[in-house]
Amino acid sequence: LHGNDEFRTNVGVLNVSAQTVTVTIDLYDGHGSSLVPVVFDVLPYSLHQVDRVFSRSGVSSVTNGRAEISVDRGAVLAYASVVDNQTSDPSYLEAQ
C-alpha cells in the first residue's frame, strides 16, 4: 500500500452484521513501524471508505506500507484501493 505523490490508498469496510461495529485500521510504514491507527464506527449492513488512509494517520509519504483491520464485534469485509494520482486508475486489493 502506498500514500505518496504517485499513489494514494483508500480502505473500505463493509459491515455484514446487524449491529454497529467499531473498526480499527492499524497502519504500518514500509519498514514495519506502526503509525497512528484510524478508528471509526460502521452502521449495520453499511459500507465506509477511508480515502487517503495514510494521510488520516498524519503521514505524508508511505511506500510499501500495510494495513491490519480489526473490529470490536460482528463481522466485516475489507478491501484496499491503490489509486494512481496521475491517471486515477485504481488497483483493487482484497483483504487477506
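Preceding this section is the structure that the text describes.
### Some details on the packing of aromatic side chains
Part 1 of the argument: Counted by the stated rule, this structure contains one aromatic pair.
Part 2 of the argument: In this structure, Arg 66 packs its charged tip against the face of Tyr 28, placed 4.0 Å from the ring centre.

### Quick look at the pairing of strand E1 (residues 7–15)
Part 1 of the argument: Counting buried positions over the nine residues of E1 gives seven, a clear majority of the element.
Part 2 of the argument: Note: E1 against strand E6 (residues 76–84), nine bridges, orientation antiparallel. If you follow Val 11 over to E6, its bridge partner there is Ala 80.
Part 3 of the argument: In this structure, E1 lies alongside strand E4 (residues 47–50), joined through four bridges in antiparallel fashion. Bridge pairing in E4 links Gly 12 to Gln 49.

### As for the pattern of salt bridges
Part 1 of the argument: Applying the stated criterion across every chain yields a total of two salt bridges.
Part 2 of the argument: Two residues, Glu 68 and Arg 66, come together in a salt bridge whose shortest N-O distance is 2.3 Å.
Part 3 of the argument: Owing to a relative accessible area of 38%, Glu 68 belongs among the partly exposed residues under this scheme.
Part 4 of the argument: Among the salt bridges present, the one from Asp 72 reaches Arg 73, with a minimum N-O distance of 3.0 Å.
Part 5 of the argument: Exposure remark for Arg 73: the relative accessible area of 38% places this residue in the partly exposed category.

Here is what the cut-offs are and how they apply
- Residues numbered from 1 in each chain as written.
- Predicted model: local features only at pLDDT ≥ 70, side-chain atom pairs only at ≥ 80, totals over all residues.
- Heavy atoms only, no water.
- Phe/Tyr/Trp six-rings, centres within 6.5 Å; stacked < 30°, edge-to-face > 60°.
- Lys NZ or Arg CZ within 6 Å of the ring centre and 35° of its normal.
- Buried < 20%, exposed > 50% of the residue type's maximum accessible area, 1.4 Å probe, protein only.
- Helix = DSSP H or I, 4+ residues; strand = E, 2+ residues; numbered from the N terminus.
- Pairing = 2+ DSSP bridges.
- Salt bridge = Lys/Arg side-chain N within 4 Å of Asp/Glu carboxyl O.

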